[in-house]
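Okay, here's what each chain looks like letter by letter:
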Amino acid sequence: MRPHTLAAVPLLALAMTARLPAQAGDSLPAFNSVRTPVSPAFVLLGIAPTAVERPNTPADLAFSILNRAATLTGLPRDVALEISPYWLVKHPRLNWEQDSTRTIATSLLRTMTISVATADLGTDTRPISGLAVGLRAAVASGRLSREAIDQLRQLGTLVDRENLVFDNLIKQRRGVLQRALTRELKNATSRADTGRLTAKTDSAVRDFVEQLPISEEYRAAMDSTDEFARDLALSRTGFVLEVAGGLVWAAPGDVVDSARVSRWGAWVTAGYQSPAWSFVAVNRFLTAVSDTAQDALDVGLRLIHTERRWAVSAEAVFRAFTGSGAPPNQHRIAVIFDYALNDGLWVTATIGRDFDPTASKSLLAQFGISFGLAGERVKMP
Amino acid sequence: MSDAVFITKTEFYKVKPKTPITLSITIGDAQVGATAVNLEGALVGSGADVDDLPIGKSGQDLRDTILDCTTTVKDVNPDTNKTDVTYTLKGGQADQEFSYSADVSMEGGRAIYAITFRLS
């Protein structure tokens, strides 16, 4: 087992459970549900969409909007859209080494995501359309870990190896086609002729490579690269600061004039990660405009120590209800121990107390086995 | 041939008589890639970092020669499926950049660029 695999366990848990809706129950992932969510709009709306549109280009984004607008007779239902504005356009000068460290400005730009979601919040007899918009960004992203940098360099070596094999496969035919082009260009009488002939050659080269049978050597080289890439854990070390916020508008009866802000929330997550130690501090505030009884401010802290085959973490979350007539403040404490049996298989033990000590199952004493999927790439944020 | 995306292009670059040139390659969008560089079919350089690679020897006349570049880009950036490769040729009649881009078809996919520079 590579040391990095276990080091990724606590972060993997963070990354995965951060997608859960905040009010999904306060059983085990309480700390993670307080952490800055990937898509604040989904959390505020209380949805966990199975399919999220993530347009990759401005054209994709325009298509997504037009696609919804085509049948627009009211607020489109069940929209779940997440946009990373920076990554909508290409960045030909940004190599991975330059992205290993980020300034505040580049961190904000490269990590900013905008989430938009709609859902029906009412009933059959009293329909209420909900629209949520959220923004998330990392003010500080830390830096790519030394281990991740070494891995990316190793991956570059593997890609180089397979690329050389591929280059050898196409070299001869490519040479023949280019020599034929040389002969044809001697008879070209205009720039248009030259353009047509080179386009014909480019097309012939493409046809050749697309139909080229994969040799055993090339297949082995690609498999080797893919296997290594699946285990990549692009963790970042150092100081990380994430912020997020969002609003929900509710429109009873789909009437625009009746639309009001019904809920909003804000998150701050700060963390520091070194090879052996890391801590994460979280702060969340959620409020509902009409019913303030469940308005809550959560403050949490998690400390994680990671060794080659095991990791231990301690977490505490304090919850203060801020509205009138609210229940008393609560807190939650847990200690989690993970041990790696082998690649991708962990034994996990959790001991502690949940928020409401009078509720059933408030004593946390859970043991379990978790499976890690190869290829999960963990990034922080 | 696998599920890679292929980009093939022939370009022209004017060199100075009996003067070598240099080639630099940038793999953009924070992706990982490597290039094989062939002059008249002979490998003159390869790797993930091609920076000011000398093409031709001192006094060598590069006119009417062919410089083939094969670049494989592997998608490792979870934020985008875009790949970008920029080839920069210097030392000829003018420095020139040639940029290409392609979206891989799936997360972790490949884009293979077969770019030929006809030196004249």
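Residues numbered from 1 in each chain as written. Chains lettered and ligands numbered in written order. Predicted model: local features only at pLDDT ≥ 70, side-chain atom pairs only at ≥ 80, totals over all residues.

Caption draft 1: Up close: the sheet that holds strand β6 (residues 65–74) of chain B. The 5 strands are arranged β1-β9-β6-β3-β4 (chain B) in an open sheet whose pairing can be described as mixed. Unpaired on one side and paired on the other, β1 (5–13) and β4 (42–47) of chain B mark the two borders of the sheet. The sheet shows a mean angle of 15° between the axes of neighbouring strands, taken without regard to direction. Inspection of the sheet shows β6 of chain B paired to strand β9 (residues 110–119) of chain B by 10 bridges, in the antiparallel sense. Among the inter-strand pairings, Ile66 of chain B is bridged to a residue of β9 of chain B, identified as Arg118 of chain B. The strands touched by helix α6 (residues 146–185) of chain A within the sheet are β3 (32–39), β4, β6 and β9 of chain B, with β3 of chain B carrying the most contacts at an inclination of about 35°. (Pairing = 2+ DSSP bridges. Helix = DSSP H or I, 4+ residues; strand = E, 2+ residues; numbered from the N terminus. Axes fitted to C-alpha atoms, helices over the stretch in contact; angles between N-to-C directions. Contact = placed C-beta atoms within 7 Å.)

Caption draft 2: Region of interest: the confidence of the model for chain B. Summarising the model, chain B shows a mean pLDDT of 96, and 98% of its residues fall at 70 or more. Interface predicted TM-score (ipTM) for the complex: 0.96; the corresponding pTM is 0.81. (pLDDT = per-residue confidence, 0-100.)

Caption draft 3: Seen up close, unusual backbone geometry. Residues and elements named next belong to chain B. Not every positive phi belongs to a glycine, and Asp52 is a case in point at roughly 50°. Relative to the assigned elements, Asp52 resides in the loop between β4 and β5 (53–55). Its identity as a non-glycine residue notwithstanding, Asp64 has a phi of 65°, on the positive side. Tracing the sequence through the fold places Asp64 in the loop between β5 and β6.

Caption draft 4: Representation of the interface of chain B and chain A within the structure. Chain B puts 42 residues into the contact, and the matching count from chain A is 42 residues. When contributions to the side of chain B that touches chain A are tallied by element, the ones reaching two or more residues are β1, β2 (21–27), β3, β4, β6, β7 (82–90), β8 (96–103) and β9 of chain B. At 6 residues, β3 of chain B tops the list of elements feeding residues into the side of chain B that touches chain A. A breakdown of the residues in the side of chain B that touches chain A according to their chemical character gives 13 nonpolar, 21 polar and 8 charged. (Nonpolar A, V, L, I, M, F, W, Y, C, P; charged D, E, K, R; others polar.)

Caption draft 5: Region of the structure containing the confidence of the model for chain A. All names here are of chain A. On average, residues of chain A score 83 in pLDDT, and 87% of them are at 70 or above. Note that residues 1–28 has pLDDT below 50 and, in this model, 60 contacts with residues that lie over four places away or in other chains. Taken as a whole, residues 373–381 scores under 50 in pLDDT and shows 29 contacts with residues more than four places along the chain or in a different chain.

Caption draft 6: A look at helix α8 (residues 216–230) of chain A. Under the 1.5 Å per step criterion, the end-to-end length of α8 of chain A is 21 Å for 15 residues, consistent within 8% with the ideal 21 Å. If you check which residues of α8 of chain A are buried, you get Ala221, Met222, Thr225 and Ala229 of chain A. The buried residues of α8 of chain A occupy one face: seen down the axis, they fall within an arc of 95°. Away from its buried face, by an angle of more than 90 degrees, α8 of chain A presents the exposed residues Glu216, Asp223 and Glu227 of chain A. Close packing links the buried residues of α8 of chain A with α6 of chain A together with β6 of chain B. (Expected span 1.5 Å × (residues − 1). Buried ≥ 20, exposed ≤ 12 C-beta atoms within 10 Å, placed from the backbone. Arc of directions from axis to C-beta.)

Caption draft 7: View of the sheet that holds β2 of chain B. Residues and elements named next belong to chain B. One open sheet accounts for 4 strands, arranged β5-β2-β7-β8; its pairing is antiparallel. Since the sheet does not close on itself, it has two edges, and those belong to β5 and β8, each with one partner. Taken over all neighbouring pairs, the strand axes of this sheet differ in orientation by 25° on average, direction set aside. In the sheet, β7 pairs with β8 via 8 bridges, with the strands oriented antiparallel. The residue bridging Thr88 from the neighbouring strand is Glu97, located in β8.

Caption draft 8: Fine view of the environment of Leu341 of chain A. With respect to the helices and strands, Leu341 of chain A occurs in strand β9 (residues 330–342). The sequence separation of Leu341 of chain A and Arg309 of chain A amounts to 32 residues, and the corresponding C-alpha distance is 7.9 Å.

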